[in-house]
Amino acid sequence: MRKFQQRVFSGVQPTGTLHLGNYLGAIKNFVDLQNKFECVYCVVDQHAITVDQDPHKLRSSIIEVLASFIACGVDYKNQIIFQQSSVPAHSQLAWIFNCVSRIGWLNRMTQFKDKAGKNKENVSVGLMVYPNLMAADILAYQATHVPVGDDQKQHLELSRDIAQKFNNDFGVDFFPQPEPLIYGEATRVMSLRDGTKKMSKSDASELSRVLLTDSNDAIATKLKKAKSDSDLIPDSVELLKEKAECLNLINILSATMNQSQEKTLQEFAGREYSILKNKLAESLIEVLGPIREEIENLLNNKDELNKILAIGTEKAEEIANPILREVYKIVGFR
Ligand code: TRP
(Lines give C-alpha, C1' and ligand atoms only; values in the text may rest on other atoms or scores of the structure.)
Protein backbone atom coordinates (compact mmCIF):
# COMPACT_ATOMS: atom_id res chain seq x y z
CA MET A 1 0.00 0.00 0.00
CA ARG A 2 1.34 3.43 -0.87
CA LYS A 3 1.95 6.04 1.77
CA PHE A 4 -0.97 8.43 2.13
CA GLN A 5 -0.67 11.91 3.51
CA GLN A 6 -2.04 11.83 7.07
CA ARG A 7 -5.40 13.53 7.30
CA VAL A 8 -8.20 13.50 9.88
CA PHE A 9 -11.88 13.49 8.94
CA SER A 10 -14.89 13.42 11.21
CA GLY A 11 -18.55 14.36 11.14
CA VAL A 12 -21.26 15.40 13.57
CA GLN A 13 -24.98 15.21 12.82
CA PRO A 14 -26.98 18.44 13.15
CA THR A 15 -29.86 17.03 15.15
CA GLY A 16 -30.62 19.20 18.15
CA THR A 17 -28.32 20.97 20.58
CA LEU A 18 -25.01 19.29 21.27
CA HIS A 19 -24.44 17.82 24.74
CA LEU A 20 -21.58 16.83 26.99
CA GLY A 21 -21.29 13.45 25.26
CA ASN A 22 -20.67 15.16 21.91
CA TYR A 23 -18.17 17.47 23.55
CA LEU A 24 -16.08 14.97 25.52
CA GLY A 25 -16.49 12.11 23.04
CA ALA A 26 -15.91 14.06 19.85
CA ILE A 27 -15.34 17.80 19.65
CA LYS A 28 -12.73 18.00 22.43
CA ASN A 29 -10.72 15.36 20.56
CA PHE A 30 -11.17 17.26 17.30
CA VAL A 31 -9.51 20.24 18.94
CA ASP A 32 -6.58 18.20 20.30
CA LEU A 33 -5.93 16.63 16.89
CA GLN A 34 -5.52 19.98 15.17
CA ASN A 35 -2.01 20.31 16.53
CA LYS A 36 -0.86 17.11 14.86
CA PHE A 37 -2.87 16.70 11.67
CA GLU A 38 -4.57 18.44 8.81
CA CYS A 39 -8.21 18.16 9.90
CA VAL A 40 -11.50 18.17 8.01
CA TYR A 41 -14.65 18.47 10.14
CA CYS A 42 -18.08 18.15 8.63
CA VAL A 43 -21.64 18.90 9.69
CA VAL A 44 -23.30 15.83 8.19
CA ASP A 45 -26.75 17.11 7.27
CA GLN A 46 -27.30 14.38 4.69
CA HIS A 47 -26.93 11.75 7.39
CA ALA A 48 -29.45 13.63 9.53
CA ILE A 49 -32.26 13.25 6.97
CA THR A 50 -32.04 9.45 6.99
CA VAL A 51 -34.76 9.90 9.63
CA ASP A 52 -37.46 12.61 9.47
CA GLN A 53 -36.31 16.15 10.25
CA ASP A 54 -38.17 19.43 10.44
CA PRO A 55 -36.53 21.66 7.76
CA HIS A 56 -36.46 24.80 9.94
CA LYS A 57 -35.00 22.96 12.88
CA LEU A 58 -32.46 21.25 10.62
CA ARG A 59 -31.23 24.59 9.29
CA SER A 60 -30.85 26.07 12.76
CA SER A 61 -29.11 22.92 14.03
CA ILE A 62 -26.57 23.13 11.20
CA ILE A 63 -25.67 26.67 12.20
CA GLU A 64 -25.69 25.75 15.89
CA VAL A 65 -23.31 22.82 15.40
CA LEU A 66 -20.98 25.08 13.44
CA ALA A 67 -21.09 27.69 16.23
CA SER A 68 -20.45 24.96 18.81
CA PHE A 69 -17.42 23.64 16.89
CA ILE A 70 -15.90 27.11 16.80
CA ALA A 71 -16.79 27.92 20.42
CA CYS A 72 -15.12 24.67 21.54
CA GLY A 73 -11.93 25.66 19.75
CA VAL A 74 -12.05 24.10 16.29
CA ASP A 75 -9.70 26.26 14.24
CA TYR A 76 -11.79 27.25 11.24
CA LYS A 77 -9.01 29.42 9.85
CA ASN A 78 -6.33 26.77 9.56
CA GLN A 79 -8.50 23.66 9.30
CA ILE A 80 -11.64 22.89 7.33
CA ILE A 81 -15.17 23.06 8.75
CA PHE A 82 -18.04 22.75 6.33
CA GLN A 83 -21.47 21.37 5.57
CA GLN A 84 -21.76 17.99 3.84
CA SER A 85 -24.58 18.87 1.41
CA SER A 86 -22.58 21.85 0.05
CA VAL A 87 -19.95 19.51 -1.38
CA PRO A 88 -21.63 17.27 -3.98
CA ALA A 89 -18.57 15.00 -4.13
CA HIS A 90 -19.90 13.24 -1.00
CA SER A 91 -23.13 12.06 -2.66
CA GLN A 92 -21.37 11.37 -5.94
CA LEU A 93 -18.83 9.10 -4.30
CA ALA A 94 -21.56 7.59 -2.10
CA TRP A 95 -23.38 6.42 -5.23
CA ILE A 96 -20.28 4.61 -6.43
CA PHE A 97 -19.88 3.07 -2.98
CA ASN A 98 -23.52 1.95 -3.07
CA CYS A 99 -22.35 -0.21 -5.95
CA VAL A 100 -19.20 -1.45 -4.18
CA SER A 101 -20.71 -2.16 -0.77
CA ARG A 102 -22.76 -5.36 -0.27
CA ILE A 103 -26.27 -5.72 1.12
CA GLY A 104 -24.98 -8.45 3.43
CA TRP A 105 -22.47 -6.06 4.96
CA LEU A 106 -25.14 -3.43 5.64
CA ASN A 107 -27.50 -6.03 7.09
CA ARG A 108 -24.93 -6.76 9.77
CA MET A 109 -24.73 -3.16 11.00
CA THR A 110 -25.95 -3.14 14.61
CA GLN A 111 -26.90 0.54 14.49
CA PHE A 112 -29.21 -0.13 11.54
CA LYS A 113 -30.76 -3.10 13.33
CA ASP A 114 -31.29 -1.02 16.47
CA LYS A 115 -32.74 1.96 14.65
CA ALA A 116 -34.93 -0.04 12.29
CA GLY A 117 -36.12 -2.41 15.02
CA LYS A 118 -39.28 -4.23 13.98
CA ASN A 119 -39.91 -1.56 11.39
CA LYS A 120 -37.30 -2.86 8.95
CA GLU A 121 -39.52 -2.67 5.85
CA ASN A 122 -40.63 0.86 6.55
CA VAL A 123 -37.45 2.80 7.37
CA SER A 124 -35.79 4.90 4.67
CA VAL A 125 -33.37 3.35 2.19
CA GLY A 126 -31.05 6.16 3.31
CA LEU A 127 -30.90 4.72 6.81
CA MET A 128 -29.68 1.44 5.40
CA VAL A 129 -27.01 2.92 3.10
CA TYR A 130 -25.95 5.47 5.74
CA PRO A 131 -22.57 3.72 6.27
CA ASN A 132 -21.80 3.95 2.54
CA LEU A 133 -22.25 7.73 2.69
CA MET A 134 -20.04 7.80 5.77
CA ALA A 135 -17.34 5.90 3.86
CA ALA A 136 -17.68 8.45 1.05
CA ASP A 137 -17.28 11.32 3.55
CA ILE A 138 -14.01 9.89 4.77
CA LEU A 139 -12.59 8.59 1.52
CA ALA A 140 -13.43 11.67 -0.57
CA TYR A 141 -10.54 13.18 1.39
CA GLN A 142 -8.46 9.99 1.43
CA ALA A 143 -8.50 10.51 5.19
CA THR A 144 -6.24 8.24 7.22
CA HIS A 145 -7.56 8.90 10.74
CA VAL A 146 -11.13 9.18 11.99
CA PRO A 147 -11.96 10.23 15.56
CA VAL A 148 -15.28 8.61 16.48
CA GLY A 149 -17.22 7.36 19.47
CA ASP A 150 -17.05 3.60 19.95
CA ASP A 151 -20.60 3.22 18.60
CA GLN A 152 -19.20 4.17 15.19
CA LYS A 153 -16.42 1.56 15.15
CA GLN A 154 -18.43 -0.89 13.08
CA HIS A 155 -19.24 1.78 10.50
CA LEU A 156 -15.58 2.59 10.23
CA GLU A 157 -14.78 -1.09 9.68
CA LEU A 158 -17.22 -0.97 6.80
CA SER A 159 -15.42 2.06 5.36
CA ARG A 160 -12.23 0.02 5.43
CA ASP A 161 -13.98 -2.89 3.68
CA ILE A 162 -15.32 -0.56 1.00
CA ALA A 163 -11.90 1.04 0.46
CA GLN A 164 -10.31 -2.38 0.13
CA LYS A 165 -12.96 -3.81 -2.19
CA PHE A 166 -12.75 -0.74 -4.41
CA ASN A 167 -8.96 -1.09 -4.61
CA ASN A 168 -9.25 -4.83 -5.37
CA ASP A 169 -12.12 -4.58 -7.85
CA PHE A 170 -10.37 -1.94 -9.93
CA GLY A 171 -6.81 -3.14 -9.36
CA VAL A 172 -5.67 0.16 -7.86
CA ASP A 173 -4.01 1.40 -4.70
CA PHE A 174 -6.22 4.45 -4.44
CA PHE A 175 -7.99 4.57 -1.08
CA PRO A 176 -6.24 4.32 2.31
CA GLN A 177 -7.53 2.14 5.16
CA PRO A 178 -8.84 4.78 7.57
CA GLU A 179 -7.95 4.15 11.22
CA PRO A 180 -10.37 4.87 14.06
CA LEU A 181 -9.06 7.14 16.81
CA ILE A 182 -10.94 6.28 19.97
CA TYR A 183 -9.54 7.63 23.18
CA GLY A 184 -10.07 9.53 26.41
CA GLU A 185 -11.65 8.46 29.69
CA ALA A 186 -15.10 9.48 28.56
CA THR A 187 -15.44 8.47 24.91
CA ARG A 188 -18.76 7.07 26.07
CA VAL A 189 -20.61 9.54 28.24
CA MET A 190 -23.67 7.91 29.76
CA SER A 191 -27.05 9.32 30.79
CA LEU A 192 -27.07 11.05 34.18
CA ARG A 193 -30.30 9.19 34.96
CA ASP A 194 -29.22 5.71 33.85
CA GLY A 195 -25.55 4.80 33.72
CA THR A 196 -26.18 1.93 31.32
CA LYS A 197 -27.59 4.15 28.55
CA LYS A 198 -25.61 6.54 26.36
CA MET A 199 -26.19 10.25 26.92
CA SER A 200 -28.51 11.11 24.07
CA LYS A 201 -30.43 14.06 22.68
CA SER A 202 -33.45 11.82 22.18
CA ASP A 203 -33.78 10.72 25.83
CA ALA A 204 -37.18 11.77 27.21
CA SER A 205 -35.62 13.20 30.38
CA GLU A 206 -33.85 16.56 30.07
CA LEU A 207 -32.09 15.69 33.33
CA SER A 208 -30.26 12.89 31.54
CA ARG A 209 -27.96 15.24 29.63
CA VAL A 210 -25.96 18.44 30.02
CA LEU A 211 -26.29 20.67 26.93
CA LEU A 212 -23.52 22.95 25.72
CA THR A 213 -26.06 25.77 26.00
CA ASP A 214 -27.17 24.99 29.59
CA SER A 215 -26.97 27.82 32.13
CA ASN A 216 -24.72 27.36 35.16
CA ASP A 217 -27.83 26.81 37.29
CA ALA A 218 -29.13 24.15 34.94
CA ILE A 219 -25.78 22.34 35.08
CA ALA A 220 -25.78 22.44 38.89
CA THR A 221 -29.36 21.16 39.10
CA LYS A 222 -28.78 18.33 36.64
CA LEU A 223 -25.77 17.14 38.62
CA LYS A 224 -27.57 17.40 41.94
CA LYS A 225 -30.32 15.20 40.50
CA ALA A 226 -27.95 12.78 38.79
CA LYS A 227 -28.74 9.20 39.77
CA SER A 228 -26.59 7.75 42.55
CA ASP A 229 -27.02 5.50 45.60
CA SER A 230 -26.51 5.84 49.33
CA ASP A 231 -23.15 4.01 49.38
CA LEU A 232 -19.83 5.77 49.50
CA ILE A 233 -17.66 6.06 46.39
CA PRO A 234 -15.83 2.73 45.87
CA ASP A 235 -12.08 2.57 46.30
CA SER A 236 -11.05 0.31 43.42
CA VAL A 237 -11.57 0.35 39.68
CA GLU A 238 -13.08 -3.18 39.89
CA LEU A 239 -15.77 -2.08 42.35
CA LEU A 240 -16.32 1.13 40.42
CA LYS A 241 -17.11 -0.86 37.27
CA GLU A 242 -20.06 -2.43 39.08
CA LYS A 243 -21.61 0.98 39.71
CA ALA A 244 -22.55 2.36 36.32
CA GLU A 245 -23.67 5.81 37.53
CA CYS A 246 -20.62 6.39 39.72
CA LEU A 247 -18.30 5.20 36.97
CA ASN A 248 -19.93 7.68 34.61
CA LEU A 249 -19.47 10.63 36.97
CA ILE A 250 -15.84 9.68 37.61
CA ASN A 251 -15.21 9.32 33.86
CA ILE A 252 -16.82 12.66 33.05
CA LEU A 253 -14.75 14.40 35.70
CA SER A 254 -11.54 12.70 34.50
CA ALA A 255 -12.16 13.75 30.90
CA THR A 256 -13.12 17.29 31.89
CA MET A 257 -9.99 17.68 34.01
CA ASN A 258 -7.73 15.81 31.55
CA GLN A 259 -6.63 13.31 34.19
CA SER A 260 -6.72 9.53 34.47
CA GLN A 261 -9.64 7.61 35.93
CA GLU A 262 -7.34 6.17 38.65
CA LYS A 263 -6.27 9.61 39.78
CA THR A 264 -9.86 10.88 40.02
CA LEU A 265 -10.94 7.75 41.85
CA GLN A 266 -8.10 8.10 44.37
CA GLU A 267 -9.27 11.59 45.12
CA PHE A 268 -12.89 10.59 45.84
CA ALA A 269 -12.66 6.99 47.11
CA GLY A 270 -14.60 6.50 50.35
CA ARG A 271 -16.27 9.91 50.14
CA GLU A 272 -19.89 10.81 49.61
CA TYR A 273 -21.44 11.22 46.20
CA SER A 274 -22.45 14.78 46.94
CA ILE A 275 -18.79 15.81 47.11
CA LEU A 276 -18.08 14.29 43.71
CA LYS A 277 -21.21 15.84 42.22
CA ASN A 278 -20.33 19.30 43.54
CA LYS A 279 -16.83 19.09 42.19
CA LEU A 280 -18.13 17.90 38.83
CA ALA A 281 -20.70 20.70 38.62
CA GLU A 282 -17.95 23.19 39.42
CA SER A 283 -15.57 21.94 36.73
CA LEU A 284 -18.29 21.63 34.12
CA ILE A 285 -19.39 25.19 34.76
CA GLU A 286 -15.79 26.30 34.41
CA VAL A 287 -15.32 24.51 31.09
CA LEU A 288 -18.79 24.90 29.55
CA GLY A 289 -19.60 28.44 30.73
CA PRO A 290 -17.22 30.20 28.31
CA ILE A 291 -18.27 27.83 25.51
CA ARG A 292 -21.95 28.71 26.05
CA GLU A 293 -21.18 32.43 25.96
CA GLU A 294 -19.18 32.08 22.77
CA ILE A 295 -21.95 30.05 21.11
CA GLU A 296 -24.40 32.86 21.97
CA ASN A 297 -22.05 35.50 20.54
CA LEU A 298 -21.52 33.57 17.34
CA LEU A 299 -25.23 32.92 16.85
CA ASN A 300 -25.81 36.67 16.99
CA ASN A 301 -23.80 37.00 13.81
CA LYS A 302 -25.24 34.50 11.35
CA ASP A 303 -23.76 36.30 8.33
CA GLU A 304 -20.32 35.61 9.66
CA LEU A 305 -21.18 31.94 10.26
CA ASN A 306 -22.50 31.62 6.71
CA LYS A 307 -19.27 33.12 5.42
CA ILE A 308 -17.25 30.60 7.40
CA LEU A 309 -19.31 27.81 5.84
CA ALA A 310 -18.75 29.17 2.33
CA ILE A 311 -14.98 29.28 2.86
CA GLY A 312 -15.08 25.75 4.30
CA THR A 313 -16.95 24.49 1.23
CA GLU A 314 -14.33 25.95 -1.06
CA LYS A 315 -11.44 24.43 0.88
CA ALA A 316 -13.17 21.03 1.10
CA GLU A 317 -13.84 20.98 -2.65
CA GLU A 318 -10.20 21.71 -3.38
CA ILE A 319 -9.37 18.34 -1.85
CA ALA A 320 -12.45 16.27 -2.68
CA ASN A 321 -13.06 17.26 -6.32
CA PRO A 322 -9.72 16.08 -7.73
CA ILE A 323 -10.10 12.81 -5.81
CA LEU A 324 -13.58 12.31 -7.24
CA ARG A 325 -12.27 13.05 -10.76
CA GLU A 326 -9.70 10.28 -10.31
CA VAL A 327 -12.42 7.90 -9.12
CA TYR A 328 -14.51 8.72 -12.20
CA LYS A 329 -11.55 7.76 -14.37
CA ILE A 330 -10.91 4.56 -12.42
CA VAL A 331 -14.50 3.34 -12.80
CA GLY A 332 -14.60 4.29 -16.50
CA PHE A 333 -16.93 7.30 -16.42
CA ARG A 334 -14.26 9.49 -18.00
N1 TRP B 1 -22.18 8.49 11.78
C2 TRP B 1 -21.50 9.45 12.60
C3 TRP B 1 -22.23 9.61 13.92
O4 TRP B 1 -23.43 9.52 13.98
C5 TRP B 1 -21.41 10.78 11.92
C6 TRP B 1 -20.57 10.72 10.68
C7 TRP B 1 -21.00 10.85 9.41
C8 TRP B 1 -19.18 10.54 10.63
N9 TRP B 1 -19.97 10.76 8.53
C10 TRP B 1 -18.83 10.57 9.25
C11 TRP B 1 -18.20 10.35 11.61
C12 TRP B 1 -17.52 10.40 8.86
C13 TRP B 1 -16.88 10.18 11.20
C14 TRP B 1 -16.54 10.19 9.81
O15 TRP B 1 -21.60 9.90 14.92
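Reading guide: rules and limits
- Residues numbered from 1 in each chain as written.
- Predicted model: local features only at pLDDT ≥ 70, side-chain atom pairs only at ≥ 80, totals over all residues.
- Heavy atoms only, no water.
- Domains from an automatic or database assignment.
- Contact = heavy atoms within 4.5 Å.
- Buried area = accessible area lost by both parts, 1.4 Å probe.
- Salt bridge = Lys/Arg side-chain N within 4 Å of Asp/Glu carboxyl O.
- Polar contact = N/O pair within 3.5 Å; in protein donor to acceptor, adjacent residues only side chain to side chain.
- Buried < 20%, exposed > 50% of the residue type's maximum accessible area, 1.4 Å probe, protein only.
- Helix = DSSP H or I, 4+ residues; strand = E, 2+ residues; numbered from the N terminus.
- Arc of directions from axis to C-beta.
- Phe/Tyr/Trp six-rings, centres within 6.5 Å; stacked < 30°, edge-to-face > 60°.
- Core = buried A, V, L, I, M, F, W, Y, C linked by side-chain atoms within 4.5 Å.
- Near = heavy atom within 4 Å.
- Areas by Shrake-Rupley, 256 points an atom, 1.4 Å probe, with all protein chains shown as cover.
- Nonpolar A, V, L, I, M, F, W, Y, C, P; charged D, E, K, R; others polar.

Comments concerning the domain arrangement of the chain
In step 1: Structurally, the chain comprises domain 1 (7-187 + 301-331) and domain 2 (206-296).
In step 2: Spacing between the C-alpha centres of domain 1 and domain 2 amounts to 30 Å.
In step 3: Listed as interface residues are 14 residues of domain 1 and, on the opposing side, 20 residues of domain 2.
In step 4: When domain 1 packs against domain 2, close to 1400 Å² is buried across both sides, 73% of that on carbon and sulfur atoms.
In step 5: Between the two partners, domain 1 and domain 2, sit 0 salt bridges.
In step 6: The interface formed by domain 1 and domain 2 contains 4 residue pairs in polar contact (both at pLDDT 80 or more).

Thoughts on helix α9 (residues 216-224)
In step 1: Within the span of α9, buried status applies to Ile 219, Lys 222 and Leu 223. All buried residues of α9 fall inside an arc of 95° around its axis, so they share one side. Away from its buried face by more than 90 degrees, α9 exposes Asp 217 and Lys 224.

A word on the packing of aromatic side chains
In step 1: Under the definition given, this model contains 10 aromatic pairs.
In step 2: Consider the rings of Phe 166 and Phe 170, whose centres lie 4.8 Å apart with planes at 45°: the pair is tilted. Of this pair, Phe 166 and Phe 170 both sit in helix α8 (residues 153-170), separated by 4 residues, roughly a single helical turn.
In step 3: Plain terms: the ring middles of Phe 166 and Phe 175 are 4.9 Å apart, the flat faces sit at 65° to each other, and that makes the pair edge-to-face.

Some words on unusual backbone geometry
In step 1: A positive phi angle, near 45°, is found at Gln 142, a position not held by glycine.
In step 2: Within the secondary structure, Gln 142 sits in the loop between α7 (125-139) and β4 (145-147).
In step 3: By relative accessible area, which is 14% here, Gln 142 ends up buried.
In step 4: Positioned with a positive phi, Asn 258 is a non-glycine residue whose angle comes to about 55°.
In step 5: Along the chain, the position of Asn 258 falls in the loop between α11 (244-257) and α12 (261-268).

Comments concerning the nonpolar core
In step 1: In terms of nonpolar packing, the biggest core is built from 61 residues, with Phe 69 and Leu 288 touching the most fellow members.
In step 2: Per-element tally for this core: the top contributor is helix α3 (residues 55-72), with 10 residues.
In step 3: In terms of domain composition, this core takes at least three residues from each of domain 1 (7-187 + 301-331) and domain 2 (206-296).
In step 4: Filtering out sequence-adjacent residues up to four positions away, Leu 288 remains in contact with Leu 20, Tyr 23, Val 210, Leu 211, Leu 212 and Ile 219.
In step 5: Of all hydrophobic cores here, the second largest spans 45 residues; its members include Val 44, Ile 96, Val 100 and Leu 133.

Focus: the site of the ligand
In step 1: Near the ligand there are 13 residues, and of these Gln 13, Tyr 130, Met 134, Asp 137 and Gln 152 occur at the shortest range.
In step 2: With respect to the ligand, the side chain of Asp 137 contributes an N or O atom lying 2.7 Å from a nitrogen atom.
In step 3: Take Gln 152: an N or O atom from its side chain is 2.9 Å from a nitrogen atom of the ligand.
In step 4: Taken by itself the ligand offers 360 Å² of open surface, and the protein chains cover 89% of this.
In step 5: Counting residues per element, the ones that place at least two in the shell around the ligand are β1 (7-12) and α7.
In step 6: No other element matches the 4 residues that α7 contributes to the shell around the ligand.
In step 7: For the shell around the ligand, the per-class residue count stands at 7 nonpolar, 5 polar and 1 charged.

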